[in-house]
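Commentary on secondary and tertiary structure
The lines below spell out each chain.
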Amino acid sequence: MTDQNNFLDTISAEKPVRLFLPIIESDDRLLIQCVLKKEKGNHFTLLFSSGTLPVSKIDKNTSCLISLDDGGKSISLESNIVQVVNNQSLEMILQKTITHEQMREYFRVDCTVPIILKSTVPEEFGTPDDNWKITGTTVDLSGSGLRASFTTAPPDNTQVRLELALPTTETIIVKTLASPVRISQLTEKLWDVAYQFDVIEDEDQDAIIGCCMVAQRRLLRLKVKVKGS
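What counts as what
Residues numbered from 1 in each chain as written. Predicted model: local features only at pLDDT ≥ 70, side-chain atom pairs only at ≥ 80, totals over all residues. Heavy atoms only, no water. Helix = DSSP H or I, 4+ residues; strand = E, 2+ residues; numbered from the N terminus. Buried < 20%, exposed > 50% of the residue type's maximum accessible area, 1.4 Å probe, protein only. Contact = heavy atoms within 4.5 Å. Areas by Shrake-Rupley, 256 points an atom, 1.4 Å probe, with all protein chains shown as cover. Lys, Arg positive; Asp, Glu negative; His and termini not counted. Charge placed at Lys NZ, Arg CZ, Asp CG, Glu CD. Pairing = 2+ DSSP bridges. Core = buried A, V, L, I, M, F, W, Y, C linked by side-chain atoms within 4.5 Å. 1 Å grid on protein atoms, 1.4 Å probe; cavity = no way out; pocket = protein on both sides within 12 Å on 5 of 7 lines; lining within 4 Å. Points joined across faces, edges and corners; volume = space filled by probe spheres on them. Nonpolar A, V, L, I, M, F, W, Y, C, P; charged D, E, K, R; others polar. Salt bridge = Lys/Arg side-chain N within 4 Å of Asp/Glu carboxyl O. Axes fitted to C-alpha atoms, helices over the stretch in contact; angles between N-to-C directions.

Secondary structure assignment for the protein chain yields three helices and 13 strands. Looking at the protein chain as a whole, 43% of its 229 residues are labelled buried. Taking all contacts inside the protein chain whose residues are at least 6 apart in sequence as the whole, residues at least 24 apart take part in 58%. Accessible area of the protein chain: about 12400 Å², with a carbon and sulfur share of 48%. Of the charged side chains in the protein chain, 25 are positive and 31 negative, and the gap between their average positions amounts to 7 Å.

Next comes the structure, spelled out in structure tokens:
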């Protein structure tokens, strides 16, 4: 993790960011656009447009995730709410920073959703050999990559177009360019493959991270119930 005090010193005084806000008695996170204003040390303030911050529904005891772009690099800030200042600002304290490369391990969750691999060659320009499609199922998922199972061998050392359907209230189809990190043949007709996302839209990455956070929170609640019983 990056040193939080040094990192805040490197960004602009008022930085547009995206906040995953925890909600009371809900697994979901509310995604809100806001502005990060630097304060002293690892303290900062989040500023919101009028009417966008649901003050009465904020879970102040759960850490927040803040996503931002830093010179073309995706960075996330895990932070705690110090206090709700008013209906347009939150006083925050930074706990740790997470880079895109660290995101895979930090927010990796077990998640089973359908996945499709396709050639990166556009259909109108490709040969019949380029117009292939392989379906599979994810094993785990993160904001920067995934692991999936296939019954057909995926191409080795080849970038692919990757599509997956997130299990949100309204299904979100995420489309990325991805490259294989590891391919393992488990049986005669089963392959386990880890992919990293090479190109992904901010909105799609936010949707994946939000989905992972929901899954993490449900898992934590399950653990608490099991321990309590």
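Still more ground to cover, so stick around.
Moving on to the pairing of strand β8 (residues 114-118). Only one face of β8 is covered, namely the one carrying Ile115 and Leu117; the face carrying Pro114, Ile116 and Lys118 has none of its residues buried. Where β8 lies against strand β9 (residues 133-141), five bridges are found, and the strand directions are antiparallel. Within the sheet, the bridge partner assigned to Pro114 lies in β9 and is Thr137. Inspection of the sheet shows β8 paired to strand β11 (residues 160-166) by four bridges, in the antiparallel sense. Among the inter-strand pairings, Ile115 is bridged to a residue of β11, identified as Leu164.

What follows is about the nonpolar core. Side chains that are nonpolar tend, in soluble globular proteins, to be buried together. Ranked by internal contacts, the top residues of the largest apolar core, which has 25 residues, are Leu146, Leu162 and Tyr195. Of all the secondary structure elements, the ones that give two or more residues to this core are β8, β9, β10 (145-150), β11, β12 (172-187), β13 (190-199) and α3 (202-228). Every residue in contact with Leu162, bar those within four places of it in the chain, is listed here: Ile115, Ile116, Leu117, Leu146, Val174, Lys175, Thr176, Ala178, Tyr195 and Phe197. Formed by 24 residues, the second largest nonpolar core is a distinct cluster that contains Leu21, Ile32, Phe44 and Leu90.

For the largest pocket, the calculated volume is near 400 Å³. Lining the largest pocket are 16 residues, and of these Asp28, Thr168, Gly210, Cys211 and Val214 sit closest to its centre. Among the secondary structure elements, those contributing two or more residues to the lining of the largest pocket are β2 (29-38) and α3. If one sorts the elements of the lining of the largest pocket by residue count, α3 sits on top with seven residues. When its residues are assigned to classes, the lining of the largest pocket shows nine nonpolar, three polar and four charged.

Looking now at the pattern of salt bridges. Between side chains of opposite charge, a pair can form as their charged atoms come close. Under the criterion given, the structure shown has six salt bridges. Here Arg147 ties to Asp140 by a salt bridge, and the two come within 3.3 Å at their closest N and O atoms. Assessed through its relative accessible area of 24%, Arg147 is described here as partly exposed. Asp192 is the salt-bridge partner of Arg147, the closest N and O atoms lying 2.7 Å from each other. Pair noted here: Arg147 is in strand β10 and Asp192 is in strand β13, with a separation of 45 residues, a long-range link. Through salt bridges that share partners, Asp140, Arg147, Arg182 and Asp192 make up one connected network.

For the rest of this paragraph, the subject is unusual backbone geometry. The backbone of Glu25 sits at a positive phi, close to 55 degrees, despite the residue not being glycine. Note on placement: Glu25 falls in the loop between β1 (14-22) and β2. Within the chain, Asn157 stands out as a residue other than glycine whose phi angle is a positive 55 degrees. Of note, Asn157 is situated in the loop between β10 and β11. Here Asn157 falls in the exposed class, since its relative accessible area comes to 70%.

It is worth spelling out the sheet that holds strand β3 (residues 43-47) at this point. Backbone-to-backbone hydrogen bonds pair the strands of a sheet. The strands run either parallel or antiparallel. Taken together, the six strands give a closed barrel; going around it, the order is β1-β2-β3-β6-β5-β4, and neighbouring strands pair in antiparallel fashion. Along the sheet, successive strands turn relative to each other by an average axial angle of 45 degrees, direction set aside.

Two faces, one strand: in a regular strand the side chains alternate between the faces of the sheet. When β1 meets β2, the two strands line up antiparallel, connected through nine bridges. Across the sheet, Pro16 pairs through a bridge with Val35, a residue of β2. Where β1 folds back onto β2 in an antiparallel hairpin, the turn is made up of six residues, including Glu25, whose phi is positive at roughly 55 degrees. Between β2 and β3, which pair antiparallel one after the other, the connecting turn spans four residues, and Gly41 there sits at a positive phi close to 60 degrees.

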